[in-house]
Amino acid sequence: MSEKINIDTWLRKDHFNFFNNFEEPFFGVTVEVDCTSTYKEAKEKEVSFFLLYLHKSLVAANQIENFKYRIIDGEVWKYDEIHASATINRPNGTFGFSYMDFHENFEQFRINAVKEIRKVENSTGLIPASSGENVIHYSALPWLNFKSISHARNYSYKDSCPKISFGKVRDENGRKIMPVSIHANHALADGFHVAQFVDAYQELLNQPALALSTV
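What this report covers is the structure whose coordinates are included nearby. This is a predicted model, so every value here is computed, not measured.

Parameters at a glance
Residues numbered from 1 in each chain as written. Predicted model: local features only at pLDDT ≥ 70, side-chain atom pairs only at ≥ 80, totals over all residues. Heavy atoms only, no water. Phe/Tyr/Trp six-rings, centres within 6.5 Å; stacked < 30°, edge-to-face > 60°. Helix = DSSP H or I, 4+ residues; strand = E, 2+ residues; numbered from the N terminus. Buried < 20%, exposed > 50% of the residue type's maximum accessible area, 1.4 Å probe, protein only. Salt bridge = Lys/Arg side-chain N within 4 Å of Asp/Glu carboxyl O. Polar contact = N/O pair within 3.5 Å; in protein donor to acceptor, adjacent residues only side chain to side chain. Axes fitted to C-alpha atoms, helices over the stretch in contact; angles between N-to-C directions. Parallel < 35°, antiparallel > 145°, perpendicular 65-115°, else oblique. Left-handed = near helix turned anticlockwise from the far one by under 90°. Contact = heavy atoms within 4.5 Å. Expected span 1.5 Å × (residues − 1). Pairing = 2+ DSSP bridges.

1. Observations concerning the packing of aromatic side chains
Remark: the centre distance and the inter-plane angle together describe each pair of aromatic rings, the angle taken between the planes. For the coordinates displayed, the defined rule picks out 14 aromatic pairs. Taking the centre distance of 5.7 Å and the plane angle of 20° together, the rings of phenylalanine 197 and tyrosine 201 count as stacked. Taken as a pair, phenylalanine 197 and tyrosine 201 lie in helix α5 (residues 191–205) at a separation of 4 residues, close to a single helical turn. Residue phenylalanine 197 is classed as buried on the basis of its relative accessible area, which comes to 1%. Assessed through its relative accessible area of 0%, tyrosine 201 is described here as buried.

This is the structure we're talking about:
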């Protein structure tokens with residue numbers, strides 16, 4: 001479900017009109033999160049660390065209203081829920097796009113996500129996901145401890161989906177630290193909203209996932 005925003009009465013009217021005319025309206029930051037608890041949780045429960053930290057980021061994003069805004073044909077819409085369009089790496093060095101439905105319950109999310117990952121791994125090509133606009137574009141670069149990142153962009157396409165990338169986990173003073181890059185369309189969100197996401201994400205990384213099963 002989605003709701004059309006009345007731009008004329010919207011609190012962000014001036015911000016939207018200003019940044020929406022930019023050729024590149026996206027801004028990005030890279031932060032570091034402490035994923036020690038989530039890493040241990042994944043190992044103890046024998047579940048995918050990638051899917052666990054991905055799910056927690058999606059839970060956090062769904063808590064931030066501005067991450068649910070999308071620009072469609074010049075209009076702003078707010079979705080009730082946003083899902084994941086994640087790149088899946090294959091053993092041969094290529095990757096494909098996936099689509100993963102959001103479920104607040106990790107086990108439900110995991111079951112469907114594993115099926116999607118297997119489908120992409122056993123396919124070739126990019127497999128563009130028919131996911132629509134209500135997604136976050138995710139990517140993982142587990143080989144790189146990056147400090148910043150940029151994304152390939154088609155400037156003729158008015159993209160408004162946030163983009164979140166995860167980097168290589170490193171050990172530091174007994175903790176597991178992971179770089180996370182967040183890019184958002186400035187017509188829809190500001191640094192304040194990105195900070196809200198980061199705070200919510202770190203809190204979720206510090207606590208067990210909802211209904212995490214050992215099955």
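2. With respect to the pattern of salt bridges
Counted under the stated rule, the structure contains 14 salt bridges. Among the salt bridges present, the one from glutamate 3 reaches lysine 78, with a minimum N-O distance of 4.0 Å. Of the two residues, glutamate 3 is situated in strand β1 (residues 2–4) and lysine 78 in strand β4 (residues 75–79); the sequence distance between them amounts to 75 residues. We note a salt bridge from lysine 119 to glutamate 116, for which the minimum N-O separation is 3.3 Å. With lysine 119 and glutamate 116 both in helix α4 (residues 106–121) and 3 residues apart, this pair spans about one turn of that helix. On the basis of relative accessibility, which here comes to 48%, the residue lysine 119 falls in the partly exposed class. Here the salt bridges share partners, and the residues they tie into one network are Glu32, Lys147, Arg170 and Glu172.

3. Section: the side chain of lysine 56
Within the secondary structure, lysine 56 is located in helix α3 (residues 49–61). Judged by relative accessible area, which is 3%, lysine 56 ranks as buried. A polar contact is formed between the side chain of lysine 56 and the side chain of threonine 38, at a distance of 2.9 Å. Within the local environment of lysine 56, its side chain forms a polar contact with the backbone oxygen of leucine 204, the two atoms lying 3.2 Å apart.

4. Structural notes on the packing of α3 against α5
Following both chains from N to C, one finds α3 and α5 inclined at 135°, their axes separated by 8 Å at the closest point. By the angle class used here, α3 and α5 are oblique. Handedness of the crossing formed by α3 with α5: right-handed. Facing α3, whose interface residues are Tyr53, Lys56, Ser57, Val59, Ala60 and Ala61, α5 presents Phe197, Ala200, Tyr201, Leu204 and Leu205.

5. What to know about α5
Two residues of an α-helix separated by three or four positions point the same way, owing to the 3.6 residues in each turn. Between the first and last C-alpha of α5 there are 21 Å, a value that for 15 residues agrees with the 21 Å anticipated at 1.5 Å per step. Taken residue by residue, α5 has His193, Val194, Phe197, Val198, Ala200, Tyr201, Gln202, Leu204 and Leu205 as its buried positions. Next to the buried residues of α5 lie β2 (26–34), α2 (36–45), α3, β8 (163–166) and β10 (175–185).

6. Regarding the side chain of aspartate 190
Among the structural elements, aspartate 190 can be located in the loop between β10 and α5. Setting aside residues no more than four positions away along its own chain, aspartate 190 makes contact with Arg12 and Phe27.

7. Overview of the environment of lysine 13
As for its placement among the helices and strands, lysine 13 is situated in helix α1 (residues 13–19). Sequence separation between lysine 13 and leucine 188 is 175 residues; the distance between their C-alpha atoms is 9.7 Å.

8. What to know about the sheet that holds β4
Pairing is antiparallel in the open sheet, where 3 strands are placed in the order β1-β4-β3. Sheet topology places β1 and β3 (69–72) at the edges, where each strand pairs with a single neighbour. Strand-to-strand, the axes of this sheet are offset by a mean angle of 35°, without reference to chain direction. Here β1 runs beside β4; their pairing, made up of 3 bridges, is antiparallel. Residue pairing across strands places serine 2 opposite tyrosine 79, the latter belonging to β4.

These results come straight from atomic positions and should not be treated as a statement about function.
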